[in-house]
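Observations on chain architecture
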Amino acid sequence: MRPAETPPAAREPVANYRTYAEAQRAVDYLSDQKFPVENTSIVGVDLRLVEKVLGRLTYLRATGMGAASGAWIGLLVGLFLAIFVPGRFGLLLILWGLIWGVIAGAIFGLVGHALTGGKRDFISSSELVAGHYEVLATAPHVVEARRVLESMSPGGTPMGTMPPGSATPGGTVPPPATGGPGTMPPGAHGAPGAMPPGAVPPRP
């Protein structure tokens, strides 16, 4: 009788991040703080397939792309055959494989594009993109992981630390304001409406 397998420990969300780089930086910070990161994982949520259009696909471009692909295949075949043929015949085989690879690739590229009937006259690349990323941890380590990440600033440095020369997290402390409401600036004296010293009063 086979022993019962232990189910994997449940994982709970610890923090959410907009990009994978931020989630990776959070796990790296946990590792720097000696947290057992083998109990964490990064999960992409709200996955989307994004296809980026790179340009228009013409018959000439399709032929060129096919020729380039065929050149690599022909070169590899020629190199493989050259191993078993000594002397200069090996170089001829490599050249033969390269030439026929270019010709065959160009033909396949042209025919393949023609068979699409103009339904896909563009080149694109596809990738999976997540709406946001979650850092998960096993249930016994969730509280500790959250506590450690609370000491991490958005920029990846521990909270509470300040750059050299700054007195507050936002920068230097502004000079204190002097006086209160109704006080006059330094050097000013007299009451409202009083004339400054040396001024001649207007004649009636």
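See the structure printed just above.
Residues numbered from 1 in each chain as written. Predicted model: local features only at pLDDT ≥ 70, side-chain atom pairs only at ≥ 80, totals over all residues. Heavy atoms only, no water.

Right, let's talk about the side chain of Thr40 for a bit. Structurally, the position occupied by Thr40 is in strand β2 (residues 40-56). Among the polar contacts listed, one links the side chain of Thr40 to the backbone oxygen of Val37, at a separation of 2.6 Å. Aside from chain neighbours lying at most four places away, what touches Thr40 is Arg11, Val27, Leu30, Phe35, Leu136 and Ala137. (Helix = DSSP H or I, 4+ residues; strand = E, 2+ residues; numbered from the N terminus. Polar contact = N/O pair within 3.5 Å; in protein donor to acceptor, adjacent residues only side chain to side chain. Contact = heavy atoms within 4.5 Å.)

Let's shift gears to helix α2 (residues 59-82). Residue pairs three or four apart in sequence face the same way in an α-helix, which turns once every 3.6 residues. With 24 residues, α2 should cover 34 Å at 1.5 Å per step; its first-to-last C-alpha distance of 34 Å lies within 8% of that length. Listing the buried residues of α2 in full gives Ala62, Gly66, Ala67, Gly70, Ala71, Gly74, Gly78 and Ala82. Buried positions along α2 lie against α3 (88-115). (Expected span 1.5 Å × (residues − 1). Buried < 20%, exposed > 50% of the residue type's maximum accessible area, 1.4 Å probe, protein only.)

This next bit is on the packing of helix α1 (residues 20-32) against helix α4 (residues 142-150). Look at α1 against α4: their axes get within 10 Å of each other, and the N-to-C directions meet at 100°. Here α1 is positioned roughly perpendicular relative to α4, judged by the angle of their axes. Here Ala26, Tyr29 and Leu30 of α1 come into contact with α4, specifically with Ala145, Val148 and Leu149. (Axes fitted to C-alpha atoms, helices over the stretch in contact; angles between N-to-C directions. Parallel < 35°, antiparallel > 145°, perpendicular 65-115°, else oblique.)

Another aspect to go through is the packing of α2 against α3. For the pair α2 and α3, the least separation of the axes is 5 Å and the interaxial angle reads 150°. It follows from the interaxial angle that α2 and α3 lie roughly antiparallel. For the pair α2 and α3, the crossing hand works out as right-handed. Among the residues making up the contact of α2 with α3, the classes are represented as 15 nonpolar, 11 polar and no charged. (Left-handed = near helix turned anticlockwise from the far one by under 90°. Nonpolar A, V, L, I, M, F, W, Y, C, P; charged D, E, K, R; others polar.)

So, on to the environment of Ser126. Looking at the secondary structure, you find Ser126 in strand β3 (residues 122-138). Along the chain, Ser126 and Leu49 lie 77 residues apart, while their C-alpha atoms are 6.8 Å from each other. Among all residues touching Ser126, those that are not within four sequence positions of it are Leu49, Val50 and Glu51.

Attention now goes to the pairing of β3. Sheet topology places strand β1 (residues 11-17) next to β3; 6 bridges connect them, and they run antiparallel. Each bridged residue has a counterpart across the sheet, and for Asn16 the counterpart in β3 is Glu134. Of the strand pairs in this sheet, β2 and β3 are connected by 15 bridges, and their pairing is antiparallel. Pairing of Lys52 across the sheet is with Ser125, part of β3. (Pairing = 2+ DSSP bridges.)

Next up on the list: α3. Given a rise of 1.5 Å per residue, 28 residues ought to cover 40 Å, and the 41 Å separating the end C-alpha atoms of α3 matches this to within 8%. For α3, the elements touching its buried residues are α2. Immediately beyond the C-terminal end of α3, within one or two residues, lies Gly117, with a positive phi of roughly 65°.

Right, let's get into the pattern of salt bridges. Overall, the coordinates contain 2 salt bridges when judged by the stated rule. A salt bridge links Arg147 to Glu144, with the shortest nitrogen-to-oxygen separation between them at 2.6 Å. You can see Arg147 and its partner Glu144 sitting in helix α4, 3 residues apart, about one turn around the helix. (Salt bridge = Lys/Arg side-chain N within 4 Å of Asp/Glu carboxyl O.)

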